[in-house]
Every structure is written in structure tokens, then in C-alpha cells.
Amino acid sequence: MLLIARCFVLVGLLSVWVGCDSKREHTLAGRTMGTTYTVKVVTGYFGSVAGLQEKFDRRLDEINRSISPYLTDSEISRFNRFQRVGEEFPISADFLRVMKTAARLYALSDGAWDGTVGPLVDVWGFGRGGSPGRVPPAETIAALLRDVGFDKIEIRASGALVKRHAAVSLDLSSVGQGYGVDQLVELLRAAGFTDYLVEIGGEIYAAGARPDGRPWRVGISRPAAGARPDDIYKVVSLKDQAFSTSGDYRQLFVQDGIRYSHHIDPATGYPVRNGVVSVSILADNCTFADGLGTAVLVSGVEKGLALIDRLEGVEGLLVVEAADGSLQDYPSKHIRLEPAPR
């Protein structure tokens, strides 16, 4: 997602010995979705990744042209301008796949994840062209709430969207970067690679192992205002898993002693104030992990942990900031965490 705490990726050093079984790590990087991407691919020492960069950039451009709300001619931007209630708006396979995951997240979280909350994010100053720093008038929030609700959009089996409310709009940024990760993973699988790490804006998928045969290790940034991105709080090992972290401690403002973050509760129109400052999710795909982190952060500790624990193959860690500023961990049942390196 765009509004997230970036994660710090810990990678192993290449062996200096070049033998028959030696491995080599290739790093490819670029920009997309308003952030950066990095892909680390492990091959045999003389293996090649020729042509991958071009394939990555072309695929990411296709995704942006589908679901980027920042491009005026993207599919999602055209859908947002479309105001014909009850009329079908045909969409691409990319848009449809993301919308199906979005519908699942909305249903599983009882509306805590809602891809139509963008106008509220904007009015609080955390969206496009915003400058956070003041609480909007209550009547403005109430008016915008009337246009919010993912159930105001129907997904047709024909591969089209239908608006049930003319002013409803979509912003899928909270799953878009995860979807980008998953699509680069598909390209790597199709090319026959088995060991790699893909990262877009802190959303990650790790497959196989590092050149030294050990698991990929990913650090969770310390969820505290002013903390450096490389200030590691906890570490997780990944193999054939997606990893996503959402946090509310970097994009916020304080007014009259009250802290307001960029995570908006779709039910109230106001930023959540449940004490959760960071949510990390492990799942089998990054689109779902990306959105689930937002859903859990909005839901809070009790509901969020209950949601994680009832999902097969999903683990998570919620971090809560106590009144005294200390951090308290709320892990899911089977997650394995390592202490930060000293």
C-alpha cells in the first residue's frame, strides 16, 4: 500500500568461493506507484537475469494504467468520473482481480477495509495534494460519509463494475502495491526462477532461499515517530510467503493534544484511535496481506487478532503503544519472531 511503514530487508553476503554449487544474487530496482521496487534474484553463479528489468517495468506500467488513482486516464480514474447508476463499466483482468480481493477483505473485516474511503483520507489532508494539520468540520465528514461504502459497487460476473451510488469512488492503493508484488512474482515463476525476494514500497514476497541457503530475513521497523527506517524492532524469516506492514506513526498530526493518523475508520470518518501503531501480516499472497494489514489496524487488537487467527495460512503481529509510550506486542498464535540484531 502507499501509506505504510517501509520494512528493512536483511540480505546475506555473497560467498567469495566460486564452485559448482555457488550461487549469485542479482539486484534489479526501479520506481513505480509513487515509490521504489527492488527484486533480488538468486541464480547459479553464471546465471542471467537478462530481460527481466524490461518485463518488470512493462508489467508495472500496465498495472498503473489500470488501478492508479494518480493517472487521470487510468481505468480507476475513469470509473470514478463515471456516474451512471446501474450501468456496466467494463474493466480489465487486473482491475477485476484486485476488486475480487477487495470484496473479500471488505466482507472478512466487516467493512474495516473499505476501498471507497479515499475522499475522507483526502479531506483529512493525507491524500492527493493534502496537507495534514487540522480537523475537518464535522458536517464535511458527515457529508462525505454518505458517499462511502464498498457495497455501493457491484462486481458483475461479466467482468464489469456497476455503481449503486453515483458519487462513490475507488482508491485501491492499500492493495495496489501488494498486487504489483504478486505480478512480478508471477513473471519470475514463469521464467523458472525459484529463489528471489520482491519488494515494492515495503510490501514483500520471498521465495526459496538466499545465496547461502538460509531463509530470507525481513525486519519490522520500530513503530515510533522519528525512528529511522533501519531501526529494527523484530525480525521474521520468510520462505514462499508474502509480508506486509502497516503503521500509523509516520503520517499523522497533533491538534489540541490529540494525535490523528492517516488510517480512517470507514464507519465514523475519523482516524482510528485504538492504540495500534503497527500491524505486520504474513500470508500466501501480497495483495491480500497488504489490505489485511489495514483492516486489522482499523479493527483493533481484539477483532484484528480474531480475524487473523481464523484465516488459514495467515499470521500477524500487532504492536500497541501504551499510555507511557512503551510498545506492547500482540502476536497471532503461530507467528515466529526473532529479536532485532544488535
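See the structure printed just above.
Residues numbered from 1 in each chain as written. Predicted model: local features only at pLDDT ≥ 70, side-chain atom pairs only at ≥ 80, totals over all residues. Heavy atoms only, no water.

Draft legend 1. Structural detail: the pattern of salt bridges. Under the definition given, this model contains 17 salt bridges. Between Arg-65 and Asp-61 there is a salt bridge, with the nearest N and O atoms lying 3.2 Å from each other. Taken together, the positions of Arg-65 and Asp-61, both in helix 1 (residues 52-67) and four residues apart, correspond to about one turn of that helix. Here Asp-230 and Arg-228 are joined by a salt bridge, their closest N and O atoms 3.0 Å apart. Counted as one network, the salt bridges with shared partners bring together Arg-59, Glu-62, Asp-94 and Arg-97. (Salt bridge = Lys/Arg side-chain N within 4 Å of Asp/Glu carboxyl O. Helix = DSSP H or I, 4+ residues; strand = E, 2+ residues; numbered from the N terminus.)

Draft legend 2. Spatial organisation of the sheet that holds strand 3 (residues 35-44). Pairing is antiparallel in the open sheet, where eight strands are placed in the order 2-3-7-8-11-14-15-16. Edge positions in the sheet fall to strand 2 (23-32) and strand 16 (327-331), since each of these pairs with one other strand and no more. Put simply, the sheet's adjacent strands are angled 15° from each other on average, direction ignored. The sheet strands contacting helix 8 (residues 301-309) are strand 14 (276-283), strand 15 (315-321) and strand 16, and the helix crosses strand 15 at an angle near 170°. (Pairing = 2+ DSSP bridges. Axes fitted to C-alpha atoms, helices over the stretch in contact; angles between N-to-C directions. Contact = heavy atoms within 4.5 Å.)

Draft legend 3. Molecular detail of the environment of Gly-34. If you trace the backbone, Gly-34 turns up in the loop between strand 2 and strand 3. When the C-alpha positions of Gly-34 and Tyr-70 are compared, they lie 9.1 Å apart, and in sequence the two are 36 residues distant.

Draft legend 4. Spatial organisation of the packing of aromatic side chains. Scanning all chains against the criterion turns up 11 aromatic pairs. Within the aromatic cluster, the residues linked to one another by ring pairs are Trp-124, Phe-126, Phe-253, Tyr-260 and Tyr-270. The ring centre of Tyr-45 lies 6.0 Å from the NZ or CZ of Arg-24, which sits over that ring. (Phe/Tyr/Trp six-rings, centres within 6.5 Å; stacked < 30°, edge-to-face > 60°. Lys NZ or Arg CZ within 6 Å of the ring centre and 35° of its normal.)

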